[in-house]
Amino acid sequence: MKKKIVAVLLCLTLAFSVTGCGKDKKSESVENTESTEVVSSAAIDFDPLDYVELGDYMGLSVALTDDYSVSDDDVKTFIENSVITNYPYYVDTDKTVVEDGDAVNIDYEGLKDGVAFSGGTATDTVLEIGSNTFIDGFEEGLIGAKVGDKVTLNLTFPESYKNTDLAGQAVVFNVTINKIVEKQDITYDNMTDEYVAYVNAKASLGYDTVDEMKADARNYMESSKESSKKSAIRSAVMDKLGEVCTVKEIPDGLLDARMEEVMAQYESYYCSDGSSLKDYVENTANQDYDEFISNVTDEVTSDLKTQMILEAIAEKEGIEFDQDGFDSYVGNLMSNYSYSDESTLYKSYGLSADSGKEYLKKVYVCNLALQKVVDSATVEDEAGTENVTDTELNTEN
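Residues numbered from 1 in each chain as written. Predicted model: local features only at pLDDT ≥ 70, side-chain atom pairs only at ≥ 80, totals over all residues. Heavy atoms only, no water.

A.B. asks: Report on the overall build of the protein chain, specifying residues and quantitative values.
C.D. replies: Looking only at helices and strands, one finds ten helices and ten strands in the protein chain. The proportion of buried residues among the 397 residues of the protein chain is 42%. Sequence separation of 24 or more characterises 74% of the internal contacts of the protein chain that already satisfy a separation of 6 or more. (Helix = DSSP H or I, 4+ residues; strand = E, 2+ residues; numbered from the N terminus. Buried < 20%, exposed > 50% of the residue type's maximum accessible area, 1.4 Å probe, protein only. Contact = heavy atoms within 4.5 Å.)

So, in structure tokens, the structure goes:
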């Protein structure tokens, strides 16, 4: 249940669902895409204080509307949805012959042309006969078998099967009947230590009693709520900064450069079949391309203004880049987003590893500036008013 660390402060929300389009083609998102040399947005040098009029950014007061407390009902709902629903409880029975409607614990191996195929093998699996969970003939073929029997099923996958390698193919399933079991009606109120131990044996949750499960669930939810609250405070402070500070203009070339980088990221993440982003937006996402570009431009513009305000605050407050802190920041991004190396991480934020690294350096300093502003803010929520200092907000969140 590891908390997800937000990668960067300035990021875009995708404007359409993801299924894939073209790769390694230049974006058609910006009018001047004929240029052969693109300047990194991080390489455009300017004094942010020349472009930003700073207001009273320290000691801001923000209000949160959501409730970040955890109730007993919250814990109950969490356990019901994440544990009880996903881990039905079966106990052994004395039955020896499989009948329709029985729950049967089995091991099985699926073979195609004598070779085990991916996804066709499992052990200690409970199958409810008559549930139509498996392909036609599998469940019916076990009726009448006895505990301990090894059953061979010669079956054929349906033509419409989602795995095209198996669709319409003849296969053999070798099935061992381990035991016949009975499903128990488990609720939050009647959970037992035996049930919790049963779940732990399957999921390695690290606890064996109902009280331990409830305590762990509450701790996890409180941690998640606290993380959400911190993120909400940061967002509220950033919104407030947009009210008290004014970006007079965006430096020449900065918006075009950042748009080029962002559109390259769209193509890199969501394109795979050689088509253009324009084709994908119009034909797959069913969106007007000009409207899509307009929406992305608005988001990039808003992000740039936030970045410029924070850069101006960093300059006025004397906040400077520090390598050790940046290394820790990058390490957290790599760990929480499973990047294998720094170069891959950097490339995801620029047109090259070098430009992406420079961009993340700016984002890191912006986070330091935001942190300083957040630490000075007061927050009002349902629990009352509090000062944010010492709430362990940091540049990793």
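A.B. asks: Account for the packing of aromatic side chains, naming residues and giving values.
C.D. replies: What the rule picks out here adds up to 20 aromatic pairs. Between Phe78 and Tyr220 the ring centres are 5.5 Å apart and the planes differ by 40°, which places this aromatic pair in the tilted class. Residue Phe78 is located in helix H2 (residues 72-84), and its partner Tyr220 is located in helix H4 (residues 210-244); the two are separated by 142 residues in the primary sequence. Classification of Tyr220 as partly exposed rests on a relative accessible area of 27%. For the pair Phe134 and Phe138, a centre-to-centre distance of 4.5 Å together with 55° between the ring planes defines the contact as tilted. Put simply, the rings of Tyr108, Phe117, Phe134, Phe138, Phe157, Tyr161 and Phe173 touch in pairs and so form one group of aromatic residues. The side chain of Arg258 reaches across the aromatic face of Tyr359, ending 3.8 Å from its centre. (Phe/Tyr/Trp six-rings, centres within 6.5 Å; stacked < 30°, edge-to-face > 60°. Lys NZ or Arg CZ within 6 Å of the ring centre and 35° of its normal.)

A.B. asks: A description of a negative patch on the surface should follow, citing residues and the corresponding values.
C.D. replies: A surface patch of negative charge is lined by Asp193, Glu194, Asp208, Asp211 and Glu212. Those elements giving two or more residues to the negative patch turn out to be helix H3 (193-203) and H4. Looking at the element boundaries, Glu212 is found in helix H4. (Patch = residues over 30% accessible without salt bridge, like charges linked within 9 Å, V, L, I, M, F, W, Y side chains within 5 Å. Areas by Shrake-Rupley, 256 points an atom, 1.4 Å probe, with all protein chains shown as cover. Salt bridge = Lys/Arg side-chain N within 4 Å of Asp/Glu carboxyl O. Lys, Arg positive; Asp, Glu negative; His and termini not counted. Charge placed at Lys NZ, Arg CZ, Asp CG, Glu CD.)

A.B. asks: Could you give an account of helix H5 (residues 254-270), with specific residues and numbers?
C.D. replies: Helix length check: H5, at 17 residues, gives a terminal C-alpha distance of 24 Å against a target of 24 Å (1.5 Å per residue), a fit within 8%. The buried fraction of H5 is high, at twelve of 17 residues. Among all positions of H5, only Leu254, Ala257, Arg258, Met259, Glu260, Glu261, Val262, Met263, Gln265, Tyr266, Glu267 and Tyr270 are buried. The inward-facing, buried residues of H5 contact helix H6 (277-284), helix H7 (289-317) and helix H10 (353-376). (Expected span 1.5 Å × (residues − 1).)

A.B. asks: Give a detailed account of H7, specifying residues and quantitative values.
C.D. replies: Here H7 spans 42 Å end to end across 29 residues, near enough to the 42 Å set by a 1.5 Å rise per residue. Residue Asp288 occupies the N-cap position of H7, its side-chain oxygen lying 3.2 Å from the main-chain nitrogen of Asp290. Backbone geometry just after H7 places Gly318 at a positive phi near 70°. (Polar contact = N/O pair within 3.5 Å; in protein donor to acceptor, adjacent residues only side chain to side chain.)

A.B. asks: Which residues make up unusual backbone geometry, and what values go with them?
C.D. replies: Negative phi values dominate among residues other than glycine, just as trans dominates among peptide bonds. Even without being a glycine, Asn286 presents a positive backbone phi close to 55°. With respect to the element layout, Asn286 can be found in the loop between H6 and H7.

A.B. asks: Explain the pattern of salt bridges to me, using residue names and the numbers behind them.
C.D. replies: In the structure shown here, the tally under the stated rule is eleven salt bridges. Residues Lys240 and Glu243 are paired through a salt bridge, measuring 3.9 Å at the closest nitrogen-oxygen approach. Taken together, the residues span about one helical turn, with Lys240 and Glu243 both in helix H4 at a distance of three residues. Since its relative accessible area comes to 27%, Lys240 is described here as partly exposed. Given the relative accessible area of 58%, Glu243 is considered exposed. Between Glu261 and Arg258 there is a salt bridge whose closest N-O contact spans 2.6 Å. In this pair, Glu261 and Arg258 are both assigned in helix H5, three residues apart and thus about one turn of the helix distant. Each of the salt bridges in this network shares a partner with another, and the network as a whole consists of Lys95, Glu99 and Asp102.

A.B. asks: Can you explain the nonpolar core? Please cite residues and give values.
C.D. replies: Counting residues in hydrophobic clusters, the biggest one holds 64 residues, and the most contacted among them are Val237, Leu241, Phe292 and Ile313. Where this core is concerned, the elements lending two or more residues are H4, H5, H6, H7, helix H8 (323-336), helix H9 (342-347) and H10. The leading source of residues in this core is H7, at twelve residues. Of all hydrophobic cores here, the second largest spans 23 residues; its members include Phe134, Ile135, Leu153 and Ile177. (Core = buried A, V, L, I, M, F, W, Y, C linked by side-chain atoms within 4.5 Å.)

A.B. asks: Could you give an account of the packing of H5 against H7, naming the residues involved and the relevant values?
C.D. replies: It is the contact of H5 with H7, at a shortest axis distance of 10 Å, that shows an interaxial angle of 120°. Relative to H7, the element H5 lies oblique. Here the hand of the crossing between H5 and H7 comes out right-handed. On the side of H5, the interface is formed by Leu254, Leu255, Arg258, Met259, Val262, Met263 and Tyr266, while H7 contributes Phe292, Ile293, Val296, Thr297, Val300, Thr301, Leu304 and Met308. (Axes fitted to C-alpha atoms, helices over the stretch in contact; angles between N-to-C directions. Parallel < 35°, antiparallel > 145°, perpendicular 65-115°, else oblique. Left-handed = near helix turned anticlockwise from the far one by under 90°.)

A.B. asks: Break down the environment of Lys305 for me, citing the residues and quoting the values.
C.D. replies: Along the polypeptide, Lys305 turns up in helix H7. Lys305 sits in the partly exposed class, given a relative accessible area of 36%. Along the backbone, Lys305 and Gly242 are 63 residues apart, and their C-alpha atoms lie at a distance of 8.2 Å.

A.B. asks: Can you lay out the environment of Ala264 for me, pointing to particular residues and giving the numbers?
C.D. replies: As for its position among the elements, Ala264 is in helix H5. For Ala264, a relative accessible area of 24% gives the class partly exposed. Sequence separation between Ala264 and Gly350 is 86 residues, and the spatial gap between their C-alpha atoms is 8.0 Å.

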